[in-house]
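# Per-entry structural report
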Amino acid sequence: MTEHTAADDHALAAELATEAGRLLLAVRAEVGHGDPRVLKDTGDLRAHEHLMAAIAERRPGDAVLSEEGRSSAAGKRSRGGADRAPTGNTRDADRLAADRVWIVDPLDGTREYSEEGRADWAVHVALWVKGELAAGAVALPAQGVTLRTVPGGARAGETDLRVPEPEPGKLRIAVSRTRPPEFVQRLAEKLDLDVTLVPIGSAGAKISAVLLGEVDAYVHAGGQYEWDSAAPAAVALAAGAHASRVDGSPLAYNRPDPTLPDILVCHPVSASTLLTGIRDVSDALPG
Ligand SMILES: Nc1ncnc2c1ncn2[C@@H]1O[C@H](COP(=O)(O)O)[C@@H](OP(=O)(O)O)[C@H]1O
Ligand SMILES: [Mg+2]
């Protein structure tokens, strides 16, 4: 069997996310915005099939966990106008025993993808190896850039990526456009800072916005899955950011249950302030 270096895996994650992103731009142009449901389902499925085929070809021994490869996602194929079920994920027992697992979200921010003119949607490709996120890439196709891990760091396009420090006294916090958790409003009031909440679609686009200095933090609770955060967390950690659960514990992937309902990403200088603030409003945390 061919041996792949870690550098090959970083490059492959970026290549796969960028290619699937190009495909999604083509699907958006081809299908149009007339029926958002059809556009969402077609985009989800085409990007999923592209990634499943590419991973099977390029890394045939690896396991895969994709949002669209769950058995519960199978009904989408008929709604998208095609005639067979989506390619399924690696069986749970095999994935949980595997050393290498690709955790992918073929289209994160599906709603925003279906809205004309919006650029806050992403393709997530992460590689988990023996308990750690080993590589990751977040393509932002409508923004024309892929954020990705490289050996020893991260890049946006060809530029080195380091999470920027927030301006003293201020904090811009990215929140979901469609389901902003109420506790973040409470957190904003509690912090002794000039806080602005910035609604953005897609977990990958929000974490990218932190890394690109467009906002200073992303706080979420109340529901999410491993594929929503694996790739952006891999890039964030490689770019020197703090990325954890909202109680400060590490984000853990390739678990039996792919639910991973909350996350905090920020510059390390803001982490203790935010974690303390979140603890202070924990009675308002969902769940
Ligand atoms: N409460 C919740 N329960 C389950 N998934 C959630 C969630 N809130 C956000 N997500 C998922 O996290 C991603 C980012 O959400 P948002 O744009 O609202 O911040 C979306 O992924 P998908 O677009 O891949 O479905 C969305 O489905
Ligand atoms: Mg998602």
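All of these numbers come straight from a predicted model, not from anything done at the bench.

So, about the pairing of strand β10 (residues 217-220). Alternating residues of β10 divide into A217 and V219 and Y218 and H220, and every residue in both groups is buried. With two bridges connecting them, strand β8 (residues 170-176) and β10 associate as parallel partners. Note on β10: the bridge partner recorded for A174 is Y218. In terms of strand pairing, β10 meets strand β12 (residues 263-266) through four bridges, oriented antiparallel. Looking across to β12, one finds that V219 is bridged to L264.

Another aspect to go through is the pairing of strand β6 (residues 153-156). Each regular strand displays side chains that alternate between the two surfaces of the sheet. Relative to β6, strand β5 (residues 145-150) runs antiparallel, the two sharing four bridges. Opposite T149, over in β6, you have A154 as the bridge partner. Between the end of β5 and the start of β6, which pair antiparallel, lie two residues, with G152 showing a positive phi angle near 80°. Sheet analysis places β6 next to strand β7 (residues 159-160), joined by two bridges and oriented antiparallel. Residue pairing in the sheet places R155 in a bridge with D160 of β7. Linkage of β6 to β7, two consecutive antiparallel strands, is achieved through a turn of two residues, within which G157 is found at a positive phi near 60°.

Another point: the site of ligand 1. If you check the shell around ligand 1, you find 16 residues, and the closest are D108, T110, S176, G201 and G223. Residue composition of the shell around ligand 1, grouped by class: one nonpolar, nine polar and six charged. Counting residues domain by domain, the shell around ligand 1 receives three or more from each of domain 1 (6-161) and domain 2 (170-284).

Let's shift gears to helix α7 (residues 203-211). Most of α7 sits out of view: nine of its nine residues are buried. Within the sequence span of α7, burial applies to A203, G204, A205, K206, I207, S208, A209, V210 and L211. Within two residues after α7, G213 carries a phi angle of roughly 80°, on the positive side.

Parsing the protein chain into structural domains produces domain 1 (6-161) and domain 2 (170-284). One C-alpha centre belongs to domain 1, the other to domain 2; they are set 21 Å apart. On the domain 2 side, the residues contacting the 35 residues of domain 1 number 27 residues. Secondary-structure elements contributing two or more residues to the side of domain 1 that touches domain 2 are β1 (63-66), α4 (92-97), β2 (100-108), α5 (110-113), β3 (122-129), β4 (132-140), β5 and β6.

This paragraph deals with the UniProt feature "binding site: Mg(2+)" (unreviewed entry) in the protein chain. Under the feature "binding site: Mg(2+)" (unreviewed entry), the UniProt entry names E67, D105, L107, D108 and D228. Look at the named residues: they lie 162 residues apart in sequence, but the longest C-alpha span between them is just 9.4 Å, so in the fold they bunch up. We classify D105 as buried; it has 33 C-beta atoms within 10 Å. Beyond its immediate sequence surroundings of up to four residues, D105 is in contact with E67, H124, W227 and D228. With respect to the helices, strands and loops of the structure, L107 is situated in strand β2. Once you skip the residues sitting within four places of it in the chain, L107 turns out to touch L24, G43, D44, A47, Y113, W121 and V123.

Let us look at the nonpolar core. In terms of nonpolar packing, the biggest core is built from 79 residues, with V125, A126, V210, A217 and V265 touching the most fellow members. With nine residues, the single largest contributor to this core is helix α8 (residues 226-238). Here this core gathers at least three residues from each of two domains, domain 1 (6-161) and domain 2 (170-284). Setting aside residues up to four positions removed in sequence, V125 forms contacts with A13, L16, A17, L51, W102, V104, G136, A137 and A231.

Rules and cut-offs
Residues numbered from 1 in each chain as written. Chains lettered and ligands numbered in written order. Predicted model: local features only at pLDDT ≥ 70, side-chain atom pairs only at ≥ 80, totals over all residues. Buried ≥ 20, exposed ≤ 12 C-beta atoms within 10 Å, placed from the backbone. Helix = DSSP H or I, 4+ residues; strand = E, 2+ residues; numbered from the N terminus. Pairing = 2+ DSSP bridges. Near = placed C-beta within 6 Å. Nonpolar A, V, L, I, M, F, W, Y, C, P; charged D, E, K, R; others polar. Domains from an automatic or database assignment. Contact = placed C-beta atoms within 7 Å. UniProt positions renumbered as here; feature names shortened; annotations may be inferred. Core = buried A, V, L, I, M, F, W, Y, C linked by C-beta atoms within 7 Å.

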